[in-house]
Structures are given as C-alpha cells and as structure tokens.
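Report on the structure
Okay, here's what each chain looks like letter by letter:
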Amino acid sequence: MSEKGFYGEFGGSYVPEDLQHVLEILAEEFEKAKKDPSFIKEFNDCLKDFVGRENPLTFADNLTKKYGGAKIYLKREDLNHTGAHKINNAIGQILLAKRMGAHRVIAETGAGQHGVATATACAMFGMECIIYMGKHDMQRQALNVFRMELLGAKVVSVDAGQGRLKDAVDAALGDLVENYQSTFYLLGSAVGPHPFPTMVKFFQSVISEESKRQILDKEGKLPTAVIAVTGGGSNAIGAFANYIQEPDVRLIGVEPAEAPSLTEGIPAIIHGFKCLTLLDEEGNPKPTYSIAAGLDYPGIGPEHSYLKGTGRAEYVTVSGEEALESFKELSKIEGIIPALESAHAIFYATKLASELKKDDIIIVNLSGRGDKDVQQVYEMEK
Ligand SMILES: *Cc1c(COP(=O)(O)O)cnc(C)c1O
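Residues numbered from 1 in each chain as written. Predicted model: local features only at pLDDT ≥ 70, side-chain atom pairs only at ≥ 80, totals over all residues. Heavy atoms only, no water.

**Some words on the UniProt feature "modified residue: N6-(pyridoxal phosphate)lysine" (unreviewed entry) in the protein**
Here is the rule we go by: UniProt positions are given in the numbering used here, feature names are shortened, and annotations may be inferred rather than shown by experiment. Strands here mean DSSP runs of E at least two residues long; helices mean DSSP runs of H or I at least four residues long; both are numbered from the N terminus. Each residue gets one of three labels from its accessible area relative to the maximum for its type: buried under 20%, exposed over 50%, partly exposed in between, using a 1.4 Å probe on protein chains only.
Those places that UniProt annotates as "modified residue: N6-(pyridoxal phosphate)lysine" (unreviewed entry) correspond, in this numbering, to Lys86. Tracing the backbone through its elements, the reader meets Lys86 in helix α4 (residues 86-99). A relative accessible area of 18% means that Lys86 is categorised as buried.

**What about the sheet that holds strand β14 (residues 361-366)?**
The condition that has to hold: We treat two strands as partners when DSSP finds at least two bridges between them. In this description, a line fitted to the C-alpha atoms serves as the axis of each element, helices being fitted only across the stretch in contact, and the angle between N-to-C directions of two axes falls anywhere from 0 to 180 degrees. By definition, residues are in contact when any of their heavy atoms lie within 4.5 Å.
Across the sheet, 6 strands lie side by side as β3-β4-β14-β9-β10-β13; this open sheet has mixed pairing. Looking along the sheet, the strands with just one partner apiece sit at the ends: β3 (57-59) and β13 (313-318). The mean inter-strand angle of the sheet, taken between neighbouring strand axes irrespective of direction, is 25°. Sheet analysis places strand β10 (residues 250-256) next to β13, joined by 6 bridges and oriented parallel. What sits directly across from Pro256, in β13, is Val318. Most of the contacts of helix α10 (residues 206-219) go to strand β4 (residues 71-76), to which it runs at about 140°, and overall it touches β3, β4 and β14.

**Some thoughts on the packing of helix α5 (residues 113-125) against helix α7 (residues 142-150)**
Formally: Here the word oblique covers every angle except those under 35 degrees (roughly parallel), over 145 (roughly antiparallel) and from 65 to 115 (roughly perpendicular).
At a minimum axis separation of 9 Å, α5 and α7 run at an interaxial angle of 10°. On the basis of their axis angle, the class for α5 and α7 is roughly parallel. Facing α5, whose interface residues are Gln113, Gly115, Val116 and Ala119, α7 presents Asn144, Arg147 and Met148.

**What about the pairing of strand β5 (residues 104-109)?**
For a regular strand, the rule is simple: side chains alternate between the two faces of the sheet. Our working definition: A right-handed crossover is one whose linking path, passing over the helix from the first strand to the second, runs clockwise when the strands point away from the viewer.
Taken across its 6 residues, β5 has 6 buried, putting it largely inside the fold. Side chains Arg104, Ile106 and Glu108 of β5 all project onto a buried face; the interleaved residues Val105, Ala107 and Thr109 project onto the opposite face, where all are buried too. Following the chain from β5 across α5 to the adjacent parallel strand β6 (residues 128-134), one finds a crossover that is right-handed. Bridging between β5 and strand β8 (residues 183-185) involves 3 bridges; their strand directions are parallel. Residue Ile106 lies in a different strand from β8, and its bridge partner there is Tyr185.

**Quick look at the sheet that holds β8**
Strand order in this open sheet of 4 strands is β7-β6-β5-β8, and the pairing throughout is parallel. The strands lining the two open edges of the sheet, one partner per strand, are β7 (154-158) and β8. Each neighbouring strand pair of the sheet contributes to a mean axis angle of 25°, computed without reference to strand direction. Along the sheet, α4 makes contact with β5 and β8, crossing β8 at roughly 155°.

**Re the pattern of salt bridges**
Let me state the cut-off plainly: Here, a salt bridge means any Lys or Arg side-chain nitrogen found within 4 Å of an Asp or Glu carboxyl oxygen.
A full pass over the atoms with the stated rule returns 26 salt bridges. Across the salt bridge formed by Glu9 and Lys274, the nearest N and O atoms sit 3.0 Å from each other. Of the two residues, Glu9 is situated in the loop between β1 (6-7) and β2 (10-11) and Lys274 in strand β12 (residues 273-277); the sequence distance between them amounts to 265 residues. You can call Lys274 partly exposed: its relative accessible area is 21%. Between Asp45 and Lys41 there is a salt bridge, and its shortest N-O distance comes to 2.7 Å. In this pair, Asp45 and Lys41 both sit in helix α2 (residues 37-51), 4 residues apart, roughly one turn of the helix. According to the relative accessible area criterion, Asp45 is partly exposed, its value standing at 32%.

**Here's the deal with the packing of α4 against helix α9 (residues 196-204)**
Spelled out, the test is: A clockwise turn of the near helix away from the far one marks a right-handed crossing, whereas an anticlockwise turn of less than a right angle marks a left-handed crossing. Residues are sorted three ways: Asp, Glu, Lys and Arg are charged, Ala, Val, Leu, Ile, Met, Phe, Trp, Tyr, Cys and Pro are nonpolar, and all the rest, Gly among them, are polar.
Interaxial distance between α4 and α9 falls to 8 Å at its minimum, and their mutual angle equals 115°. In terms of orientation, α4 and α9 fall into the roughly perpendicular class. Seen from above, α4 lies across α9 with right-handed handedness. Where α4 approaches α9, its residues Lys86, Asn88, Asn89, Gly92, Gln93 and Leu96 are matched on the opposing element by Phe196, Met199, Val200, Phe203 and Gln204. Tallied by class, the residues present in the contact of α4 with α9 amount to 5 nonpolar, 5 polar and 1 charged.

**Concerning the UniProt feature "domain: Tryptophan synthase beta chain-like PALP" (unreviewed entry) in the protein**
UniProt records the feature "domain: Tryptophan synthase beta chain-like PALP" (unreviewed entry) at residues 53-368, using the numbering of this structure. Here residues 53-368 is 44% helix and 20% strand, with 14 Å between the C-alpha atoms at its ends.

**Describing helix α1 (residues 17-34)**
This is how it is decided: Every helix has an expected span of 1.5 Å times one less than the residues it contains.
Look at α1: 26 Å from first C-alpha to last across 18 residues, which is about the 26 Å you get at 1.5 Å a residue. Along α1, the positions that sit buried rather than exposed are Leu19, Gln20, Val22, Leu23, Leu26, Ala27, Glu29, Phe30 and Ala33.

**A short note on the nonpolar core**
Heads up, the rule is: Among buried residues, the Ala, Val, Leu, Ile, Met, Phe, Trp, Tyr and Cys ones that are joined through side-chain atoms within 4.5 Å form a nonpolar core.
Grouped together as the largest cluster of nonpolar side chains are 83 residues, with contacts concentrated most on Phe184, Tyr185 and Phe240. Not counting residues within four places of it along the chain, the set of residues in contact with Tyr185 comprises Gln93, Ile106, Ala107, Glu108, Val169, Ala172, Leu173, Leu176 and Phe196. Core analysis: the next-biggest nonpolar cluster, separate from the first, contains 34 residues, Ala225, Ile227, Ala353 and Val364 among them.

Rendered as structure tokens:
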C-alpha cells in the first residue's frame, strides 16, 4: 500500500478539499496510535474484557461428516458481544476518537448493525452518538432503531435520495466536514476514502491473528482455504490478513449473487474511493437487494478489488436461496444459528469441502449470529 492508501489502482481518496484535510489528520493520528504500545494494549484489553475475545475456532464435526472431504472449522465471531465482527472495528475506532479528543461520534447505518455496534462502543466510553440512517431503512428496521436509542444514540432520519445507506453516508460525510473539530466519523466497513480501509483492516485483523494461532495449535498446519462473506469486505479482509503472505493458503471471498461487485463490477469511484462497483445504465451505483441486509452495498473494499486482480484471492457467488439452506442446516446439525450474511460463506464451504481431500482444512469465518434474522426467516416461511 502506498502513502495515500492505494491498492494498485484501487482505493485512494477522492473527496473535496476540506474533507481531505480532515482525513489527513485522521491518517496521521492513526499511524501514531498504531505504533503506541499503550494504545494497542487498551485495544486488546477492551477486546478481551468487553467483546469477550479470544473467541473459539470450532470444529464443525457434523458438517464435516456430511460434506467432507476437508475438515471444516468455524471462526466464531458470532460469539462476540453484540453478535458479530463489527464490534472489533467500533472499539478500535472509538479508542482513536478518544485519543484525538473528539467527544461526538457519528456513523452511518443501513440495516442498523453498524449503528448498534457504534452506539454500544459510545455507551461504553460515554461519548455522544449520532447515527445517520435512511428514512426507508428506518421504517424497515424499526427494532434496530429502538435498540440504538436504548444504547443512548440519537438516530437521525435521512430523507434525501432514496433514504437508504448511500444517502446516510452522504449525510454523515456532510456532518463531518462541518463539525470535524469535535467529531469523529466511525465508518463501518473496509470501504471509503483513505485511511478508512487500512484502519478497518488493522482492527479486524485480530480475526486471522487468532485463527492462525488456533489452527496451528489444533492441527499443526495452516488451512488449505479461508472462506469469508463480503459485503463491504471488513470481516473478509480481517479473516484473510494474516494469511495473505502464506501462498499455500487459498483465500476465498463469497459475494451475494444479487450484489456481485467483484464478479461483475467495473472500476469506478463511489464514496470517495475507487473499487469494483455495480453501476446502472447512467453510471450511478446500482441499488442492490440481498436477502442479508448487511450485504447490500454496490461497491467493495479497495484491497479486495486489488486481490482479485492479482489473483491472490478468489471470489465466488452464492445466492440468497443457497444461503438460506445453510442457515437452516447449520442451525439443525451444529446447533449454531448463523447470520444470513455468514450463511453465504458456510454454503460455499460445504461445496468446497466435498471437492477437497480428508487432510485438507477449511476455516470459515462465521461473521455473526443469526438471532437478528430469525424473524425475517419466520416471515418468509409463513
Ligand atoms: C455487516 C455484516 C457483514 C458484511 O460486512 P463486511 O464489512 O463485508 O464484513 C457480514 N456479516 C455480518 C454478520 C454483518 O453484520
């Protein structure tokens, strides 16, 4: 990665000058914090005492018996406080906000999962929390709005545009430019202008730091493949990070077939950075509709765009219907209800396991738990 956060042609920072200034300060502060042992210690302490890390690497015995071939292990991000990997990043960024003297934190949210993680971190550190959410999304996700309010956040309805995630990001960026002296923008995935993708990767890398240690401990060797679902790409880049320099480990990102940015996107600039993006005929980011709300994003992190180009990582698609199959199957045969997002990765893991040999190992990142999706699946089945 270069100075300005480029991964090959992807990434960078394509924003107005006043915002650029704010991002440069942020990048400098992040670089300093990263090298400060007291910052790293505080981050690790929070992950341990508040998030509940390290979480287990669970051998999925029944799934392996059914599909193996390869042994399937699950990295249990679903067991984190608040139920997904998003809290790792929220904690990391809130500590940076505190260090920078901000007392007001803003964030965007689509389905509400990142809003809940941010509101949780703010509650813990006594920070003022403002969540921008599209009007349309607020209606669909009323319970998550209430959840954020319970945690002390103020949820601001964004009426502009279609009232969805993209419009919420625009509103949050506008707020940041106006109030940057008191305000920290806590971005939710490995997307956006530099330094966000680099920063989010840094905080999510704990996933593969742990899984690598755990698999060496259990099996005495590295996995054949690491599989993770990609929305904006944060859990996947965290799950891949410590294996990127291990050429024998296959890295496989699973996209929703309904929003395949990496498989079908073209290079374009959205939200201030360049990545593979799904565009409509007029060249605007295309609205996407995945069964899993956390995967509804027309772009993808710049490093994934780059890793696809170099061939270091592979990207495949799984449909909502297939994910739903795995959602039910993992619940029934392993006693673990996965998030619908994570179920995409599980589905591909079962498919790959049957093609591999008995001495192969697959690690699937179980990015979150499915409690949040039970109601939706219930309504679909009714
Ligand atoms: C938000 C979310 C995702 C997708 O986001 P990434 O940034 O791609 O990780 C995946 N799984 C769960 C459980 C989520 O909440």
